[in-house]
Amino acid sequence: MNYTEPSPLTESTAIDFTPELESIIPVPSNETTCQNWREIHHLVFHVANIFFTIGLVIPTTLHLHMILLRGMLTIGCTLYIVWATLYRCALDIMIWNSVFLGVNILHLSYLLYKKRPVKIEKELSGIYRRLFEPLRVPPDLFRRLTGQFCMIQTLKRGQTYAAEDKTSVDDRLSILLKGKMKVSYRGHFLHNIYPCAFIDSPEFRSTQMHKGEKFQVTIIADDNCRFLCWSRERLTYFLESEPFLYEIFRYLIGKDITNKLYSLNDPTLNDKKAKKLEHQLSLCTQISMLEMRNSIASSSDSDDGLHQFLRGTSSMSSLHVPSPHQRGSKMKPIEEGVEDDDEVFEPVSPNALKVHQLP
């Protein structure tokens, strides 16, 4: 076996080149801790992180939560760009934070656009404040409801909105904005319609059960009137795409029908009294609600019972009844439990007209 001894020149050359190779070729380190910590970054860096922290701890229950969050992130990214450009000289940090800044500015602009004050027409502001705003309908949604498929129409005094047994109920739904309308049945006065009330809510409700019907009453403008009118078909399609508004309309129309039932037994009911119906019920309204319940309960189909009651009440209201004390029946106090319609109303002889008040 040949064996060659290393020469001293070769050993010295290898020893001389070892430090240079170590400085050129990176040697991996197995240490897990930092030996030499760098100096603390500039104050701008820490202020940027403070804004990030504030944005992340904003509670989600706050009304402007998302706007404040995006605002804090925008300020933080801006300070990061300043720090990376002026104090760190790091191009990659500056570029990434510029991208984050652009995204946050776009999102913040969109949120501010959604929160912009929506201007509602002065003529429609009354029905929004009285009917829709208490039910938390956003102004932008109300504007969509009234801006696309409805119009404001005018009727002069004496003109007819709907004629009995002639006008179809399938065409429209209207809310009175200004003036007063008079509802009559076969020439007999029933009740008035005042501003911020639906004109044809009972008919709108009845067409959900039966199509192709005609108005059973005549509606005439008692003053110069202006009303908001929706196309029935287009309104139905819109409400199908907006479940929240669909429930709002169901509630408003049901409440309006109830107010009209109250006014059938109280011809002196005016707009101020109508506002207090939810809190103060007169004897007439109690009788009216009891009749409605008994009429519905006596029918196997509740919708047919309600429809029958609406027609029956119109016929009864055509007679002049100045007060509930002149009725030919008296009411017994209603006890809890099962009750019979015959036990609630008992016929009274003409010679004895004693009135028993409700408890």
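All figures in this text were calculated on a predicted structure; none of them were measured in a lab.

Reading the values: the criteria
- Counting restarts for each chain: residues are numbered from 1 in the order of the written sequence.
- With the structure being a predicted model, the display of local features is reserved for residues of pLDDT at least 70 and the display and counting of side-chain atom pairs for 80 or more, all residues being used for whole-chain, interface and lining totals.
- Hydrogens and water are ignored here; the side-chain numbers use all heavy atoms of the structure.
- Secondary structure elements are taken from DSSP: a helix is a run of H or I of four residues or more, a strand is a run of E of two residues or more, and numbering for both begins at the N terminus.
- Contacts are assigned to residue pairs with any non-hydrogen atoms lying within 4.5 Å of each other.
- Surface accessibility follows the Shrake-Rupley procedure with a 1.4 Å probe radius. Residue values consider only the protein chains on display as shielding.
- The rule for a salt bridge is simple: a side-chain nitrogen of Lys or Arg has to be within 4 Å of a carboxyl oxygen of Asp or Glu.
- Throughout this description, buried means an accessible area under 20% of the type-specific maximum (1.4 Å probe, protein chains only), exposed means over 50%, and partly exposed covers the range between.
- UniProt positions are given in the numbering used here, feature names are shortened, and annotations may be inferred rather than shown by experiment.
- Multiplying 1.5 Å by the helix residue count minus one yields the expected span of that helix.
- Angles here are taken between N-to-C directions and fall from 0 to 180 degrees, while the axes themselves are lines fitted to C-alpha atoms, restricted in helices to the stretch in contact.
- Throughout this description, any angle smaller than 35 degrees is read as roughly parallel, any larger than 145 degrees as roughly antiparallel, any in the 65 to 115 degree range as roughly perpendicular, and the remainder as oblique.
- Handedness of a crossing is defined here by the sense of rotation of the near helix relative to the far one, left-handed for an anticlockwise turn of less than a right angle and right-handed for a clockwise turn.
- Note on residue categories: nonpolar means Ala, Val, Leu, Ile, Met, Phe, Trp, Tyr, Cys or Pro, charged means Asp, Glu, Lys or Arg, and polar means any other residue, Gly included.
- The pairing test for Phe, Tyr and Trp rings, Trp by its six-membered ring, is centres within 6.5 Å, and the orientation test on the planes gives stacked under 30 degrees, edge-to-face over 60, and tilted for anything in between.
- Any two strands are treated as partners once DSSP identifies two or more bridges connecting them.

## Concerning the overall build of the protein chain
Right, on to step 1. Of regular secondary structure, the protein chain possesses 13 helices and nine strands.
Right, on to step 2. Within the protein chain, residue pairs in contact and separated by at least 24 positions form 71% of the contacts whose partners lie at least 6 positions apart.
Right, on to step 3. Surface summary for the protein chain: the accessible area is close to 23,800 Å², and the carbon and sulfur share equals 57%.

## Notes on the pattern of salt bridges
Right, on to step 1. Taken as a whole and judged by the stated rule, the model has four salt bridges.
Right, on to step 2. With a shortest N-O distance of 3.4 Å, Lys180 and Asp222 are connected by a salt bridge. Here Asp222 lies in the loop between β6 (218–221) and β7 (225–231) and Lys180 lies in the loop between β3 (172–178) and β4 (181–185), a separation of 42 residues in the sequence.
Right, on to step 3. Accessibility expressed as a relative area gives 22% for Lys180, which makes it partly exposed.
Right, on to step 4. Accessibility expressed as a relative area gives 22% for Asp222, which makes it partly exposed.

## What to know about the UniProt feature "transmembrane region" (unreviewed entry) in the protein chain
Right, on to step 1. If you check UniProt for "transmembrane region" (unreviewed entry), the listed places come out as residues 40–60, 67–87 and 93–113 in our numbering.
Right, on to step 2. End-to-end, the C-alpha atoms of residues 40–60 are 33 Å apart, and along that stretch the chain is 71% helix and 0% strand.
Right, on to step 3. Between the first and last C-alpha atoms of residues 67–87 the distance is 30 Å; the span itself is 100% helix and 0% strand.

## Here's the deal with helix α3 (residues 65–88)
Right, on to step 1. Its 24 residues give α3 an end-to-end C-alpha distance of 32 Å, which sits within 8% of 34 Å, the value for a rise of 1.5 Å per residue.
Right, on to step 2. Looking at the residues trailing α3, positive phi occurs at Cys89, about 55 degrees.

## Topic: the packing of α3 against helix α4 (residues 91–114)
Right, on to step 1. Running from amino to carboxyl end, α3 crosses α4 at an angle of 155 degrees, the nearest separation of the two axes being 8 Å. In terms of orientation, α3 and α4 fall into the roughly antiparallel class. Two packed elements cross with a definite hand, and for α3 against α4 that hand is left-handed.
Right, on to step 2. Residues of the contact of α3 with α4, tallied by class, amount to 16 nonpolar, eight polar and one charged.

## Things to note about the packing of aromatic side chains
Right, on to step 1. All told, the structure shown has twelve aromatic pairs when counted by the stated rule.
Right, on to step 2. Aromatic pair Phe45 and Trp83: ring centres 4.7 Å apart, planes at 45 degrees, arrangement tilted. Of this pair, Phe45 sits in helix α2 (residues 43–57) while Trp83 sits in helix α3, and the two are 38 residues apart along the sequence. There is no split in this pair, since Phe45 and Trp83 are both buried.
Right, on to step 3. Between the aromatic rings of Trp96 and Phe100, the centroid separation amounts to 6.0 Å while the plane-to-plane angle is 35 degrees, which identifies the pairing as tilted. Taken together, the residues span about one helical turn, with Trp96 and Phe100 both in helix α4 at a distance of four residues.
Right, on to step 4. We classify Trp96 as exposed; its relative accessible area is 55%.

## Here's the deal with the sheet that holds strand β2 (residues 160–162)
Right, on to step 1. Read from one edge of the open sheet, four strands run β2-β6-β4-β5, paired in antiparallel fashion. Lying at the two open borders of the sheet, with one neighbouring strand each, are β2 and β5 (188–193). Averaged over all pairs of adjacent strands, the angle between strand axes in this sheet comes to 30 degrees, irrespective of strand direction.

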